[in-house]
Amino acid sequence: QVQLVESGGGLVQAGDSLRLSCVASGRALSNYHMGWFRQPPGKEREFVAAISRNSENTHYPDSVKGRFTISRDNDKNTVYLRMNSLKPEDTAVYFCVVLRAFYTGTYPASLALYWGQGTQVTVSS
């Protein structure tokens, strides 16, 4: 079992940046591929970013590619999501997840093995 705790969300203006953090406990994060999902108001959860166990590979959907960067520090058991040039449509609850697999393609929510409790990001126009 892995417990995940996100932090770093908040209210920002369009064009601003935020960095989300996710601290894991229970097991070493180095054993897992990690990712981020988000859930906009009234919508289903959607994939945001993924990173392989050793940080060699990352993957993003087109909606955030070039603006968001996922990274990890296995020594600190922490995963990060740097979000630049934020848009109002990025408003959502952001969840850190342990992934069952890493690949380049579509990531359904069912690919997540463990979920954090989420952190709210609100981007005003």
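Undergrad: Can you explain the sheet that holds strand S1 (residues 3-7)? Please cite residues and give values.
TA: Strands sit in the order S1-S3-S8-S7 across an open sheet of four strands; the sheet is antiparallel. At either margin of the open sheet sits one strand with a lone partner, and together these are S1 and strand S7 (68-73). Taken pair by pair, the neighbouring strands of this sheet meet at an average axis angle of 20°, ignoring direction. One ladder, built from six bridges, connects S7 with strand S8 (residues 78-83); its direction is antiparallel. Bridging across to S8, Ile-70 finds its partner in Leu-81.

Undergrad: I'd like a rundown of the side chain of Arg-72, residues and numbers included.
TA: The topology assignment puts Arg-72 in strand S7. One buried charged side chain, Arg-72, makes no salt bridge at all; its nearest oppositely charged neighbour is Asp-73, positioned 8.4 Å away. Among the polar contacts made by the side chain of Arg-72, one reaches the main-chain carbonyl oxygen of Leu-29 at a distance of 2.7 Å. At 2.9 Å, the side chain of Arg-72 and the backbone oxygen of Tyr-32 are in polar contact. Those residues in contact with Arg-72 that lie beyond four places of it in its chain are Leu-29, Ser-30, Tyr-32, His-33, Met-34, Ile-51, Ser-52, Arg-53, Ser-55, Thr-78, Val-79 and Tyr-80.

Undergrad: Lay out the pairing of S8 with the relevant residues and their values.
TA: In terms of burial, S8 is a largely internal element, five of the six residues being buried. Pairing of strand S3 (residues 18-25) with S8, which is carried by six bridges, proceeds in the antiparallel orientation. Bridge assignment links Val-23 to a residue of S8, and that residue is Thr-78. Linkage of S7 to S8, two consecutive antiparallel strands, is achieved through a turn of four residues, within which Asn-77 is found at a positive phi near 55°.

Undergrad: I'd like to hear about the nonpolar core, residue by residue, with values.
TA: Core analysis: the largest hydrophobic core is formed by 29 residues, its most contacted members being Leu-4, Met-34, Trp-36, Leu-81, Met-83 and Tyr-94. When contributions to this core are tallied by element, the ones reaching two or more residues are S3, strand S4 (33-39), strand S5 (46-51), S7, S8, strand S9 (92-99) and strand S11 (119-124). Among all residues touching Tyr-94, those that are not within four sequence positions of it are Glu-6, Leu-20, Trp-36, Phe-37, Arg-38, Val-48, Phe-68, Leu-81, Met-83, Gly-118, Thr-119 and Val-121. Core analysis: the next-biggest nonpolar cluster, separate from the first, contains eight residues, Phe-37, Val-97, Leu-99 and Leu-111 among them.

Definitions and limits used
All residue numbers refer to positions counted from 1 along the written sequence of the respective chain. Thresholds applied to this predicted model are a pLDDT of at least 70 for local features of residues and 80 or more for the giving and counting of side-chain atom pairs; totals over whole chains, interfaces and linings are not thresholded and use all residues. As a rule here, side-chain values cover all heavy atoms of the structure and leave hydrogens and water aside. Two strands pair if DSSP finds at least two bridges between them. Secondary structure counts use DSSP, requiring at least four H or I residues in a row for a helix and at least two E residues in a row for a strand, with both numbered from the N terminus. Note on geometry: axes are lines fitted to C-alpha atoms, helical ones only across the stretch in contact, with angles between N-to-C directions running from 0 to 180 degrees. Under the scheme applied here, a residue whose accessible area is under 20% of the maximum for its type counts as buried, over 50% as exposed, and between as partly exposed, the area being computed with a 1.4 Å probe on protein chains only. Asp and Glu count as negative and Lys and Arg as positive, but His and the ends of the chain are not part of the count. Here a salt bridge means any side-chain nitrogen of Lys or Arg lying within 4 Å of a carboxyl oxygen belonging to Asp or Glu. The definition of a polar contact used here is a pair of N or O atoms within 3.5 Å, where within protein one atom must be able to donate a hydrogen and the other to accept one, and adjacent residues in sequence count solely through side-chain atom pairs. In what follows, residue pairs with any heavy atoms lying within 4.5 Å of each other are defined as contacts. Throughout, nonpolar core names a set of buried Ala, Val, Leu, Ile, Met, Phe, Trp, Tyr and Cys residues whose side chains join them through atoms within 4.5 Å.

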